[in-house]
Amino acid sequence: MDVAKEKELREAEALAEKGIILANVDKLLNWARGHSFWPVTQGLACCAIEMMAAGNPRFDISRFGWEVFRASPRQADLMIVAGTVTRKIAPIIRRVYDQMPEPKWVVAMGSCANAGGPFADSYSVLPGVDKIIPVDVYIPGCPPRPESLFFGLMQLQQKVANPAKVRLMKHGK
Amino acid sequence: MTIERTEEISLNMGPQHPSMHGVFRMIVHLEGEVVTKIEPKIGYLHRGLEKIAESRTYAQFIPYTDRLDYLASPHNNLAYVQTVEKLLGIQVPERAEYLRVIFAELARIASHQVMIGSLALDMAGWTAWGYCFRDRERILDLYEMTAGGRLTVNYMRIGGVSHEPPPEFWPALNSFLDDLPAMIEEYYGIFYGNEIAQARMKGIGILTKEMAENYSVTGCALRASGVQYDVRKAAPYGIYDRFDFDIPVLYGCDTYDRALIRLLEMRESLKILRQAVRDIPEGPVMAKVPKLIKPPAGEVYHRVENPKGELGFYIVSDGSNKPARVRIRPGAFVNMQVFPPISVGLKIQDVIAIFASFDAVLGEVDK
Amino acid sequence: MENNVLRARVDELAARVNGQVEEALGELVLTVNSPYVVETLAAAKNFQGVPCDFLHDLAGLDLGDRFEVVYQLTSLRGPQRLRVKARVARDNPVIDSVVKLWAGADWLEREAYDMFGIVFKGHPNLKRIYMWDDFEGYPLRKDFVPPTYEERATMRVRKEGE
């Protein structure tokens, strides 16, 4: 950690002991967004089982605040594409993505969603979900362990908290 | 107020929905809340595995079979490698056969746990889901210890298994087997004994024996309709003829029986596992197999009793190192054909329960 | 032994329908031409003593110069097994459907149609099952030209009412 940031953190800690937190509204909103993603259930294949395992008592996605898996995309802000995206389901995934309100993020979980995976040369598989929707974080693995999923989502938290450093893509571009 | 007219609605239960079985889509035609017709639409996870098999060698295709029924992946490996071994005429060493049986029966228990958990979850019984998945983690630890993967294990090879399990495997397996009877009792208490679950499952989705045979239903759904048929007893593969176990049969033909029979099967798997752990001999775990696997031209059909149904592999070889045709007969695909006829006349929430009781995994259905 | 009984029945059936019997790795294979397929399967379903009355699998096969439809028959009442292969011409692949004999052949025939283009006469609902409705080509044929990377990476246009 660099010196300026450490000084900043020490000052914040000193104030926090008195019960005061100083922040600007943007920082507060980004902190809140990052710590309470509401994923939409886009579990397609085997990676979905690891996503479900992440929600279970052993790995417990709830301690991060992300356990509210909403079925309806209108109520969600994160889409975890877990599994192989076939050409048949591609327009439906695009439609579900379009139905999510801003701000929204996409995480591609597993090698099939990253780039087609072991099925990349198949006639019916889309080689990676980033061909149809903009992806923020790619999580490798086949299937990735639940801890990998958490690491990927924590990286997304960092991305959400620092929008100046990582310019988020605007919708449609 | 008099009713002017009623109209039938078609509800699209689309490929993205929370009923936990993957990308299954059905168009349900409803008269109020009563179902008049169901049109299933599948193929949203069709990855073209049969075509991929024609451009991979025999050994390279083994990891792809993991992804068929991803909840019981060692079992799919077993089906494929046994088919190729039949074609090549290879004799697998004893220790490898016992290890295969251990992994296959562990896969059966894990898969049934997921089925019970998902069925409970579809009826909003979150408790049973949490318990089933928590207990399943112990089986996944055993897989991870041996094969390096939690879900898709890729442990079996043509001619045996890949390598010897580590020494920590056996005490962990024995402690899991000691705890399994208590787990089964717990599932019964949380889920099957529950009044609401019984009311939602008993008498729903009757599948008669004649209809099951006509629609080529196999697996647990067939045994819950009164037919005592299990490939492990009728046409034993590997060394299953050495084990002493029963085949549970129930005669209720409804959703409750299809769910209960899986619990009874877990008990039988426990018996097989105990016998396998007791009788396993020392020895090599892999036969002497040529480096380049080139089976003679011919064809073979082999089937195993997958937790979801009967998985069949039909391989046609033309003498080269890549198969000419690999046909995968998925148990869940054929079982799902009977799901629309038996759901007619029931309410829409019953349709969810019936579908969950058939335990279809879309990876297997869609290949 | 029932194996001899089954062999006798299959030989007798083969003589009636101009089929060829051979044995492949311990299993009897009966090859017939496509016009005889319903008669063959109905007879096999009602074999005296060793009925092969459970349709286990129905698959298409592309042998270069012709197609074949392969039926795997087993039984819930005994160990009898039989594989029936029906030759189908490649340039006009039409064969009778066996949905009247076994309702479980429904989706299996749709799959063979989707993957090979074999038309099953008499099938109630012969539509594509795995690929989308306006997909062109039959993927498991040996002369299927796979789509290029650009084609696969483009999102398809969904038909209204799909």
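Residues numbered from 1 in each chain as written. Chains lettered and ligands numbered in written order. Predicted model: local features only at pLDDT ≥ 70, side-chain atom pairs only at ≥ 80, totals over all residues.

Description of the overall build of chain C
Helix and strand counts for chain C come out as four helices and seven strands. When each of the 162 residues of chain C is scored for burial, the buried share is 43%. (Helix = DSSP H or I, 4+ residues; strand = E, 2+ residues; numbered from the N terminus. Buried ≥ 20, exposed ≤ 12 C-beta atoms within 10 Å, placed from the backbone.)

Things to note about the pairing of strand 3 (residues 34-41) of chain B
Residue and element names in this part refer to chain B. Here seven bridges tie strand 2 (residues 25-31) to strand 3, and the two strands are oriented antiparallel to one another. Its bridge partner lying in strand 3, L30 is registered against V35. Connecting strand 2 to the next strand, strand 3, in antiparallel fashion are two residues, including G32 with a positive phi near 75°. (Pairing = 2+ DSSP bridges.)

With respect to the nonpolar core
In this structure, V81, V85, V107 and M109 of chain A are the most contacted members of the largest nonpolar core, which totals 202 residues. In terms of residue count, helix 4 (residues 94-122) of chain B provides more of this core than any other element does, 17 residues in total. (Core = buried A, V, L, I, M, F, W, Y, C linked by C-beta atoms within 7 Å.)

Notes on the sheet that holds strand 5 (residues 82-89) of chain C
Residues and elements named next belong to chain C. If you trace the five strands from one edge of the open sheet to the other, you get 1-2-5-4-3, paired in mixed fashion. Each edge of the open sheet is held by one strand with a lone partner, namely strand 1 (20-24) and strand 3 (54-62). Taken pair by pair, the neighbouring strands of this sheet meet at an average axis angle of 25°, ignoring direction. The strands that helix 2 (residues 37-45) touches are strand 2 (27-33), strand 4 (66-74) and strand 5; relative to strand 5, the one it contacts most, it runs at about 175°. In this fold helix 3 (residues 105-116) packs onto strand 3 and strand 4, with an angle of close to 5° to the strand it touches most, strand 3. (Axes fitted to C-alpha atoms, helices over the stretch in contact; angles between N-to-C directions. Contact = placed C-beta atoms within 7 Å.)

A look at the interface of chain B and chain A
Each partner contributes residues to the interface: chain B has 28 residues there, and chain A has 27 residues. Sorting elements by how many residues they give to the side of chain B that touches chain A places helix 5 (residues 126-147) of chain B first, with four residues. Across the side of chain B that touches chain A, the residue classes break down as 12 nonpolar, 10 polar and six charged. (Nonpolar A, V, L, I, M, F, W, Y, C, P; charged D, E, K, R; others polar.)

Re the sheet that holds strand 2 (residues 78-82) of chain A
Residue and element names in this part refer to chain A. Read across the sheet, four strands follow the order 1-2-3-4 without closing on themselves; strand pairing throughout is parallel. What marks the edges here is a single partner per strand, and that holds for strand 1 (39-40) and strand 4 (137-139). In terms of strand pairing, strand 3 (residues 105-109) meets strand 4 through three bridges, oriented parallel. Paired with A108 across the two strands is Y138, which belongs to strand 4. Each of strand 2 and strand 3 is contacted by helix 3 (residues 46-54), which is oriented at about 130° to strand 2, the strand it contacts most.

A closer look at the packing of helix 6 (residues 169-192) of chain B against helix 11 (residues 255-279) of chain B
Residues and elements named next belong to chain B. Where helix 6 meets helix 11, the closest approach of the two axes is 11 Å, and the angle between their N-to-C directions is 170°. As summarised for this structure, helix 6 and helix 11 are arranged roughly antiparallel, according to the angle between their axes. Residue-level inspection shows L173, N174, L177, L180, I184, Y187, Y188 and Y192 of helix 6 in contact with helix 11, the latter providing L260, L263, M266, R267, L270, L273, R274 and V277. Of the residues contributing to the contact of helix 6 with helix 11, the split by class is 13 nonpolar, one polar and two charged. (Parallel < 35°, antiparallel > 145°, perpendicular 65-115°, else oblique.)

Quick notes on the confidence of the model for chain C
Overall, the predicted model of chain C reaches an average pLDDT of 87, with 98% of residues at or above 70. At the level of chain-chain contacts, confidence expressed as ipTM amounts to 0.92, with global pTM at 0.90. (pLDDT = per-residue confidence, 0-100.)

Some points on helix 3 of chain A
When you tally the buried positions in helix 3 of chain A, you get nine out of nine residues, the bulk of the element. For helix 3 of chain A, the full list of buried residues reads C46, C47, A48, I49, E50, M51, M52, A53 and A54 of chain A. Residues of helix 3 of chain A that are buried make contact with strand 2, strand 3 and helix 6 (146-161) of chain A together with helix 5 and helix 15 (362-366) of chain B.

As for the interface of chain A and chain C
Counting residues at the interface gives 11 residues for chain A, matched by 11 residues for chain C. Across the side of chain A that touches chain C, the residue classes break down as six nonpolar, one polar and four charged.

A look at unusual backbone geometry
The linkage connecting E102 of chain A with the following residue, P103 of chain A, adopts the cis geometry, with an omega of -10°. By the element assignment, P103 of chain A lies in the loop between helix 4 (90-99) and strand 3. Cis rather than trans, the peptide bond between C142 of chain A and P143 of chain A has omega equal to -10°. Its location among the elements puts P143 of chain A in the loop between strand 4 and helix 6. One non-glycine residue, N18 of chain C, adopts positive backbone phi at about 55°. Note that N18 of chain C resides in the loop between helix 1 (2-17) and strand 1. Here N18 of chain C falls in the exposed class, since 11 other C-beta atoms lie within 10 Å of it.

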